[in-house]
Each structure stands twice: as structure tokens, then as C-alpha cells.
Amino acid sequence: MTETPQLTAAHRELIDQVLDKWSLQVLEALCEKPSRFNELRHAIPAVTQKSLTATLRRLERNGMVERVIISSRPIAVEYRITSLGETLEDLIDALLRWSTVNMPAVQRARARFDDQAHPGGTPS
């Protein structure tokens, strides 16, 4: 009999780091093709340079992304999804499908909650 996995602090930390705001978008972009830093900034216009740098380092530390030095003039760095990172693609796609299918129900639930919490409109 297989034990049900327990959500430990280590699991929570990893899941938080992989599914955070910018990591999902970086992983999605890198699943499509390897990219240089500025290509990623262009693909994710809302991300700041500091946040993208931190996200790439975190994903690299967790083995999801690798930095590859391209020996050209000038030398360039390209980011690529690793085989471990590729294992997330189906999971991310499943979450996106789930959120697309269920977004209308979530929006209705939010509206009901907001109406009950603040009848007659939101407080100022």
C-alpha cells in the first residue's frame, strides 16, 4: 500500500518557489524555447529585472532551469528548461486548464462573498 504524501515544510517551500507569480511565466516561456535574459523580460513585460534575476536563480538552484554560456562575441548567457523542469509542463498545463474551466465559478463565488461581506458596495 502506498502512503499518501504529506505536505511538509520542504514540500511547501518547493511548491511556493515553483508556482510563484514569476516562476510560472518563466517556466512557460522556457518550455517553448531557450531564451536570453532580455528575451524573457520582453516575454514577461511586467517583471522587473530584479524579480526576473531572483526567479531565474531560484529555478536554477532547484534544478528547473540551467544557465548556458554561449561562446560568441560578446559572450552570451541563455536560460534553458532542464529535464527536471520539463516534468512540470504537464502539471502547469493541467493547472491552467483547471483555472480556465473553473474561473467562472470562482468569479461567482467571489462576487457572492463580496456581496455578503459588504452589502450595498465596497466600503471606502
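The structure reproduced in this document is the subject of the present report. Residue numbers restart at each chain and count upward from 1, following the sequence in its written direction. Confidence filtering applies because this is a predicted model: local features only for residues at pLDDT of at least 70, side-chain atom pairs given and counted only at 80 or more, and all residues used for totals across whole chains, interfaces and linings. To get the side-chain values, all heavy atoms of the structure are used, and hydrogens and water are removed first.

**Some thoughts on the packing of helix 2 (residues 21-32) against helix 4 (residues 49-61)**
Consideration 1: Where helix 2 contacts helix 4, the axes come no closer than 10 Å and their chain directions differ by 70°. With respect to their mutual orientation, helix 2 and helix 4 come out roughly perpendicular. Counted together, Trp22, Ser23, Val26 and Leu27 of helix 2 and Ser51, Leu52, Thr55, Leu56, Arg58 and Leu59 of helix 4 form the full contact between these two elements.
Consideration 2: By residue class, the composition of the contact of helix 2 with helix 4 is six nonpolar, three polar and one charged. Interaxial angle, 0 to 180 degrees, is taken between N-to-C directions of lines fitted to C-alpha atoms, where a helix line uses only the stretch in contact. By the criteria applied, helices consist of DSSP H or I runs no shorter than four residues and strands consist of E runs no shorter than two, each listed in order from the N terminus. Each angle receives one of four descriptions, namely roughly parallel if under 35 degrees, roughly antiparallel if over 145, roughly perpendicular if within 65 to 115, and oblique otherwise. Contacts are residue-level and defined by heavy atoms, with any inter-residue pair within 4.5 Å sufficient. Classes in brief: Ala, Val, Leu, Ile, Met, Phe, Trp, Tyr, Cys and Pro nonpolar; Asp, Glu, Lys and Arg charged; the others, Gly included, polar.

**What about the nonpolar core?**
Consideration 1: By nonpolar core we mean a set of buried residues, namely Ala, Val, Leu, Ile, Met, Phe, Trp, Tyr and Cys, connected to one another through side-chain atoms within 4.5 Å. Only protein chains enter the accessibility calculation, which uses a 1.4 Å probe; a residue is then buried when its area is under 20% of its type maximum, exposed when over 50%, and partly exposed in between. Judged by nonpolar contacts, the single largest core of 19 residues is most densely connected at Leu27, Leu56 and Val65.
Consideration 2: Sorting the residues of this core by element identifies helix 2, helix 3 (37-43), helix 4 and strand 3 (76-81) as the ones contributing at least two each.
Consideration 3: If you tally residues by element for this core, the top one is helix 2, at five residues.
Consideration 4: Look past the residues within four positions of Leu27 in its chain and what remains in contact with it is Val18, Leu59, Met64, Val65, Ile81, Leu88 and Ile92.

**Overview of the side chain of Ser35**
Consideration 1: Residue position: Ser35 is located in strand 1 (residues 35-36).
Consideration 2: In this structure the side chain of Ser35 is engaged in a polar contact, spanning 3.3 Å, whose partner is the backbone oxygen of Lys33.
Consideration 3: If we skip the residues at most four places from it in the chain, Ser35 touches Leu30, Leu40, Glu78 and Tyr79. Polar contact is defined as a pair of N or O atoms within 3.5 Å, subject to the rule that within protein one atom must be able to donate a hydrogen and the other to accept it, and that residues adjacent in sequence are counted only when both atoms are side-chain atoms.

**Considerations on the pattern of salt bridges**
Consideration 1: Any Lys or Arg side-chain nitrogen located within 4 Å of an Asp or Glu carboxyl oxygen qualifies as a salt bridge. Taken as a whole, this structure holds three salt bridges when the rule is applied.
Consideration 2: The closest approach of N and O atoms between Arg12 and Asp16, which form a salt bridge, is 2.5 Å. Residue Arg12 and its partner Asp16 are both found in helix 1 (residues 9-18); the two are separated by four residues, about one turn of the helix.
Consideration 3: You can call Asp16 partly exposed: its relative accessible area is 37%.

**As for the pairing of strand 2 (residues 65-70)**
Consideration 1: Two strands pair if DSSP finds at least two bridges between them. As defined by bridge partners, strand 2 adjoins strand 3 across six bridges and the pair is classed as antiparallel. In the strand pairing of strand 3, Ile70 is matched with Ala76.
Consideration 2: Where strand 2 folds back onto strand 3 in an antiparallel hairpin, the turn is made up of five residues.

**Quick notes on helix 2**
Owing to its 3.6 residues per turn, the α-helix brings residues three or four apart onto one side.
Consideration 1: Taken as a whole, helix 2 has its buried residues at Trp22, Ser23, Val26, Leu27, Ala29 and Leu30. Relative to the axis of helix 2, the buried residues are bounded by an arc of 165° and lie together on one face. In helix 2, the exposed positions angled more than 90 degrees off the buried face are occupied by Lys21 and Glu32. Directions pointing from the helix axis toward each C-beta atom define the arc.

**With respect to the pairing of strand 3**
Consideration 1: Pairing of strand 1 with strand 3 involves two bridges; the strand directions are antiparallel. Across the sheet, the residue bridging to Ser35 is Tyr79, located in strand 3.

None of this, on its own, says anything about what the molecule does.
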